[in-house]
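Coordinates in review
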Amino acid sequence: MTIRTRLTLLFSGIVSALLLVFCVVIYTIAEQHRETEFRARLRAEGFTSVELLFGSETISPQLFKLLDKNQMTVLTQEEIIIYNRNNQILYESGTDYLTITPATLNQVRTQSEVFWREGPREILGEVMTNRNGLIVFASAVDKYGHSKQQNLALLLAVGFLVSVGAVLLAGRIFAGRLLLPLQRIIERVDTVTASDLTRRLDEGADRDELTQLAQRFNRMLDRLEEAFRLQRAFVSNASHELRTPLTAITGQLEVSLLTDDDPAEMRATMQSVLDDARSLNQMANGLLSLANASVDASAVRMGPVALDDLVNRAATDVQRLQPAYHVSVTLAGGSAGAATPDFMLTGNDGLLLTAVLNLIDNAGKFAPDHRATVWLTARPDALDVAVQNNGPAIPAQELPELFKPFQRGSNARQVAGHGVGLSLVERVVKLHRGRISVESDDQTGTTFTMTLPR
C-alpha cells in the first residue's frame, strides 16, 4: 500500500468518524427534543381532559368520547384514562390501547409523574394534585414526530455517504499534492547512478521535513561522490606505484636469465630485487593500513589509550628499525596541582601507533642528521603530538597537497618513499575527530602537529 493511499484512508477515516459522530449527535438531540415536546403534549391532553370532565365547567363523558371517536383531538391513537383516589376508573376513552396495572398506579402515586413506552406508543401518568389526587394516563403515537425523525435519519445518512465520497476524493487530491515533492525526489533519485553522482535534489525554499530529507540526501551524495573520487584516485595511483617496482623486479630477473653473470653480479642483482620486493611489501602494508583507516568510525573499536606510552613505543620501534635515527620525546602539560600530566584519551591503539610511527619515521627520513623531536602536550580537552625535524623546508604551495595519497613534496625527490604515510596519518586523525597541521620554514624546519580530543 502506497503512502498516498494510506494518507487518503487515514484522512478519510478521521473526517468520516467526525461526520458520523456529528450525525449521531444531531439525531440524538432531535429525538430528545421530539420526546420532550410530545411528553408536554401528552401532559396538556391529560390536563385538558381532567378540566373538561371534572373542572368548573364540564362536559359529559359521552360528548367527550364522541369528540374523541371522531378524531377531533390532535394526537394519533390517543387514549385517556382517569382514576380516583381509590384507584377506580372515572373515565376511559374506550379505545383499549392501554392497560394499567396496580403496580403502575402505585408507582405514579409515589413519583407524581411517570413516562414510558410500549412499542411506538408513549404513555404519561400524572397525579393531579389540584383535583383531589386524580390520576390521569394520557397515551398516543407520535406519528408525525417519528416521520420527521425518519426523514432526518435518511437525510443524515445520504449526507454522510455523499460527504464520505467527497472526503475520499479530496483526501486523494490532498495526499497527491502533499507527496508531490516526494515524488519529484524519487524521480530525481532514479537519475543518480554510480557513473553520475553529480546530480543533486532540489532543496526548495521551505524548511519542512521534505526539504530536510533533500538536504540530507544531497550531503550523502557529496560523501559518496568524494568516496568514489578517492577510490578512483586510489586505484589509479596504487596501480601506477605498484607497477614501478614490479617492472623493475621483472626486468632485472629477465636480464639475469639472458646473461651469464658472475656470482658477484648475480648477488648484486638479487640484492636489488630484494630491495624492490621490500619496497613493494612496504607499499602494500601502507595501502592496507590506509584502507583500514578509511572505514567508518563506528566500525573501529575504541578504548582507553595512554598516549605517552604509545609515543614512547613508537619512538623505540623507529630506532630499532632505523638505528641511524635519533628520536627525543618531551612530555609537558597537566593541570595545576597534578603530580603528573594526564595523557589518557579514547581511541584505537593500533591506528594511533601507526600514525605516530609514520610521523616520526618521516621526520627522521627527511632530516640530514636523521633527528626527530616529539613534544606531547596535555590539555584539559585534547592532547597535542608535535613532530619536528630540521630538514629542508617544504614550499608553502605544496603544504595543502601533502595529505593526498601518493603526493610528495619537492624536497623528497632524493628520498625513497611512496606518499602513503601522511595520507594514512590524516585518515587516522579524522577517524578520531581530531585535526593535523603542518608548518615548514628554513629556520625551524618542518613540524607536524596532531590534535586529538580526549
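Structure: see above.
Values in this document were obtained by computation on a predicted structure and should not be read as measured data.

Attention now goes to the environment of Gln-322. Looking at the element boundaries, Gln-322 is found in the loop between helix H8 (307-321) and strand S7 (326-333). Judged by relative accessible area, Gln-322 falls into the partly exposed class, the value being 34%. The spacing of Gln-322 and Gly-364 is 42 residues in sequence and 9.0 Å in space, taken between C-alpha atoms.

Bringing the sheet that holds strand S1 (residues 76-83) into the picture now. Each strand in a sheet pairs with its neighbour through backbone hydrogen bonds, running either in the same direction (parallel) or in the opposite one (antiparallel). Ordered by their spatial adjacency, five strands build an open sheet running S2-S1-S5-S4-S3, and the pairing between neighbours is antiparallel. Of all the strands in the sheet, just strand S2 (89-92) and strand S3 (113-118) have a single pairing partner and so form its edges. Taking each pair of neighbouring strands and ignoring which way they run, the sheet shows an average axis angle of 15°. Across three bridges, the pairing between S1 and S2 is antiparallel. Residue pairing across strands places Tyr-83 opposite Ile-89, the latter belonging to S2. In the packing of helix H1 (residues 3-54) onto the sheet, the strands contacted are S1, S2, S3, strand S4 (121-128) and strand S5 (134-141), and the crossing angle to S4 comes to about 50°.

The biggest cluster of nonpolar side chains holds 41 residues, and the ones touching the most others in it are Leu-307, Ile-360 and Met-450. A per-element tally of this core places helix H9 (residues 349-366) first, with eight residues. If you look at the next biggest cluster of nonpolar residues, it comprises 15 residues, including Val-50, Leu-75, Tyr-91 and Val-136.

This part covers the environment of Ile-436. Tracing the chain through its elements places Ile-436 in strand S11 (residues 435-441). The class for Ile-436 is buried, based on a relative accessible area of 17%. Through-space distance from the C-alpha of Ile-436 to that of Met-450 is 4.5 Å; in sequence the pair is 14 residues apart. Apart from residues lying up to four places away in sequence, Ile-436 is in contact with Phe-403, Val-425, Glu-426, Val-429, Thr-449 and Met-450.

On inspection of all chains with the given rule, the structure shows 16 salt bridges. Put simply, Glu-122 and Arg-117 hold a salt bridge, and the shortest N to O gap is 3.9 Å. Here Asp-361 and Lys-365 are joined by a salt bridge, their closest N and O atoms 3.8 Å apart. With Asp-361 and Lys-365 both in helix H9 and four residues apart, the pair spans about one turn of that helix. Since its relative accessible area comes to 18%, Asp-361 is described here as buried. Among the charged side chains, a salt-bridge network with shared partners connects Glu-31, Arg-34, Glu-35, Arg-39, Arg-117, Glu-122 and Asp-142.

Rules behind the numbers
Residues numbered from 1 in each chain as written. Predicted model: local features only at pLDDT ≥ 70, side-chain atom pairs only at ≥ 80, totals over all residues. Heavy atoms only, no water. Helix = DSSP H or I, 4+ residues; strand = E, 2+ residues; numbered from the N terminus. Buried < 20%, exposed > 50% of the residue type's maximum accessible area, 1.4 Å probe, protein only. Pairing = 2+ DSSP bridges. Axes fitted to C-alpha atoms, helices over the stretch in contact; angles between N-to-C directions. Contact = heavy atoms within 4.5 Å. Core = buried A, V, L, I, M, F, W, Y, C linked by side-chain atoms within 4.5 Å. Salt bridge = Lys/Arg side-chain N within 4 Å of Asp/Glu carboxyl O.

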